[in-house]
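Working through the structure, step by step
Below are the chains, spelled out letter by letter.
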Amino acid sequence: MVFKNILNTLILLTALTVFSQENLYKSLTIPDNLRQNANAVIRFNDMNISIKSANEMFIAKKRIVTVLNKEGNDNIDAYVHYDNNVKINELQVLVYNQYGALIKKVRKKDFKDVSAVDGGTLYSDSRVKYLEYTPITYPYTIEFICETVTSNTAFIPSFIPVDDYFVGLETSKYTINYPETITVRTKEKNFESFELNKETLSYSIKYKVKSIEAIKPEAYSPAFFDIAPKVLLTLKQFTLEGVYAEVDDWNSFGNWMYHDLIKDTYDLPESTIRMIQNLVKDEQNDIDKARKIYQYVQDKVRYISVQVGIGGWKPFNASEVDKLGYGDCKALTNYTRSLLQAVGVDSNYSVVYAGKSQRSIEGDFAAMQGNHVILNIPQENEENIWLECTSQKLPFGFIGDFTDDRDVLVITPEGGKIAHTKKYSVEENIQNIKGNYSISNDGAIDAKVNVNSKGIQYDNKYWLETETERDLDIHYKTRWKYINSISVSHMNIENNKNDVEFKEDVVFRASNYSKIVGNRMLLTLNALNRNTHVPDRYRTRKQPLKIKRGFIDIDEVEIKLPANYKVESMPKGMLVENKFGSYKADVEVKDENTLIYKRKFVINDGEFPKEDYTGFRNFYKEVSKMDNAKVALIKN
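Heads up: these notes are all about the structure in this document. (Residues numbered from 1 in each chain as written. Predicted model: local features only at pLDDT ≥ 70, side-chain atom pairs only at ≥ 80, totals over all residues. Heavy atoms only, no water.)

This paragraph deals with unusual backbone geometry. A cis amide bond links tyrosine 138 to the next residue, proline 139, at an omega of -5 degrees. Mapped onto the elements of the fold, proline 139 is located in the loop between strand S8 (127-130) and strand S9 (140-150). Unlike most non-glycine residues, asparagine 190 shows phi in positive territory, near 60 degrees. Note that asparagine 190 resides in the loop between strand S11 (184-189) and strand S12 (196-201). The exposure class of asparagine 190 is buried, given its relative accessible area of 18%. The backbone of tyrosine 220 sits at a positive phi, close to 55 degrees, despite the residue not being glycine. As for its placement among the helices and strands, tyrosine 220 is situated in the loop between strand S13 (204-212) and helix H3 (224-227). (Helix = DSSP H or I, 4+ residues; strand = E, 2+ residues; numbered from the N terminus. Buried < 20%, exposed > 50% of the residue type's maximum accessible area, 1.4 Å probe, protein only.)

Shown next, in the form of structure tokens:
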């Protein structure tokens, strides 16, 4: 009788498991709250990591995702990277219709197989197999099953339940098993609003998360990786392309990188050393030497990525770059450092997360991080100098929004340390406009404008130096898109790399700029730098307000009025000041036919609670309104 009850229980549990599994393939079983704002819903995600030793790791994945609409196709994530050190043991996809019926099987041989790098890479052994599937109807469900084995254990996949906006989650599980000889370190982030189940056993860690609603992107919010829940994992003992490491912190991590990956690559030929020493022999200080060497590198080399085996992480030897004249970020940074070293200027290879989002290296979690390399020139009692060695255009010491204002890993002979890159202050990110325009009796505008940009505002424009005349014409018509039928007759740009200033001189004309009604003319004062941006409105803001980079715009414009008109009325001085910035605009009468329009618009960077977003949006609305202030003219 007892046996029969146990048997019945087992049968019932098996039936429930099968029933539950089948429900994951049916789109109608998705809870309503997970459908809300979702293009796709992850029904079940299970990742199992098995560490056999410091140089052997198995990764097994099973992911079931229901795609609700066309935009959700990007969230299938049915792909796997492989190379000479990553082998694919199992790979398949099962496709189900909205009712849970199996409609297609895709085996390993049917996956698309392509290089995993872009056209800027000369050669790489990194490849990717991915599913190419065109659905007939929506919704549909994909089950992705994959197992790989690798000898590289430097990168342990993170537990990231949801990795994109507009994606809901039912259940996600993660397990890592490891031997007694291995130590696993973890860091859990952004689970304050979610229930994270964690189970720690002997040589095994398990995580589980359920029911995460889709996150909608919001303007002026932190980057997705800063708000999404995740668990970072790394090993104390690991292997990278056959190179063993044992690290506890950033100091030991940097020590390993320097001595095992970088140190033996400083092998400039003696002829190059003599040449570079002769090149800077007349320079009076280290900064001037570095500036001249940076220009030499920009003139000599170009960026081309080469990533094969350990070369994906270890820089090319300096002698190879010297001979070939190209390299990737690691190679070119390393080459520049070698040249500086040859003339006695200290510099440090530095690992960074590049991109406009200002992502920082996790300062309290020593692990393989970053996607780019730059050069650090330390300065005693002054701000450090940072060099982007892949660019042939950037001025010396200017890194722009690609690597600004974030924590990076600086590699020194003594070890690694976390440092912060250049932050461009509000006062540095300045644009000055000096201009004049005249209005004809029929409302046409003839304008001359000089624009001088610095800091991040320089970064937004220096690329114009290499644009064609046609593209420049399109650019300026887009910049002043609020003026109809604009015709640009003159364009001159100057890139002052020594002072890091970008200057623009533009002359344009447009008919019907002013509105004529009877014997009156309405003239919008701000013709040269009108704010048309108003941040999006959110009924229920979810994320904090983050303004990554502040700026200052200062305008002074002389306005010649039409000969047959005089001023009937004009706006009084306009002033708004708050925590987000300030706006001030005045119009002065120079003489009966001339006005002087002055404007200063400031936006402060910083992080603010979500409740402040409405005030920030209202500030921009007010600026936009004031930028449309008009003078009423009447015929003489």
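So, about a positive patch on the surface. A grouping of Lys173, Lys206, Lys208 and Lys210 is seen on the molecular surface, where their side chains present a positively charged patch. Of the residues forming the positive patch, the biggest block, three residues, is contributed by S13. For lysine 173, the location among the structural elements is in strand S10 (residues 167-177). Take lysine 173: its relative accessible area is 31%, and that puts it in the partly exposed class. (Patch = residues over 30% accessible without salt bridge, like charges linked within 9 Å, V, L, I, M, F, W, Y side chains within 5 Å. Areas by Shrake-Rupley, 256 points an atom, 1.4 Å probe, with all protein chains shown as cover. Salt bridge = Lys/Arg side-chain N within 4 Å of Asp/Glu carboxyl O. Lys, Arg positive; Asp, Glu negative; His and termini not counted. Charge placed at Lys NZ, Arg CZ, Asp CG, Glu CD.)

The geometry of an aromatic ring pair comes down to the distance between the two centres and the angle between the two planes. Overall, the coordinates contain 31 aromatic pairs when judged by the stated rule. Here tyrosine 25 and tyrosine 96 contribute two aromatic rings whose centre-to-centre distance is 3.9 Å and whose plane-to-plane angle is 10 degrees, an arrangement assigned as stacked. Of this pair, tyrosine 25 sits in the loop between helix H1 (2-23) and helix H2 (32-35) while tyrosine 96 is found in strand S4 (residues 86-96), placing the two residues 71 residues apart along the sequence. For tyrosine 25, a relative accessible area of 8% translates into the label buried. You can call tyrosine 96 buried: its relative accessible area is 8%. An aromatic cluster of three or more residues is present, and its members are Tyr220, Tyr538, Phe551, Phe580, Tyr583, Phe601, Phe608, Tyr613, Phe616, Phe619 and Tyr620. Looking at arginine 479, its charged tip hangs above the ring of tryptophan 480, at a distance of 5.7 Å from the centre. (Phe/Tyr/Trp six-rings, centres within 6.5 Å; stacked < 30°, edge-to-face > 60°. Lys NZ or Arg CZ within 6 Å of the ring centre and 35° of its normal.)

Attention shifts here to the layout of surface pockets. Here the second largest pocket is characterised by a volume of approximately 1,200 Å³. The wall of the second largest pocket is formed by 36 residues, among which Gln457, Asn460, Phe551, Asp553 and Tyr620 lie closest to the centre. Elements with a minimum of two residues in the lining of the second largest pocket: strand S25 (430-439), helix H10 (456-459), helix H11 (469-479), strand S31 (545-547), strand S32 (551-560), strand S36 (594-603) and helix H12 (613-626). Among the residues forming the lining of the second largest pocket, the class breakdown is 13 nonpolar, 12 polar and 11 charged. (1 Å grid on protein atoms, 1.4 Å probe; cavity = no way out; pocket = protein on both sides within 12 Å on 5 of 7 lines; lining within 4 Å. Points joined across faces, edges and corners; volume = space filled by probe spheres on them. Nonpolar A, V, L, I, M, F, W, Y, C, P; charged D, E, K, R; others polar.)

The next thing to look at is the packing of helix H6 (residues 286-300) against helix H8 (residues 329-342). The geometry of H6 relative to H8 is characterised by a closest axis approach of 10 Å and an angle of 140 degrees between their N-to-C directions. Looking at the two axes, H6 sits oblique to H8. Crossing geometry of H6 relative to H8 is assigned as right-handed. Residues Ala290, Ile293, Tyr296, Val297 and Lys300 of H6 form the contact with H8, whose own contacting residues are Tyr335, Thr336, Leu339 and Leu340. For the contact of H6 with H8, the class distribution of residues is seven nonpolar, one polar and one charged. (Axes fitted to C-alpha atoms, helices over the stretch in contact; angles between N-to-C directions. Parallel < 35°, antiparallel > 145°, perpendicular 65-115°, else oblique. Left-handed = near helix turned anticlockwise from the far one by under 90°. Contact = heavy atoms within 4.5 Å.)

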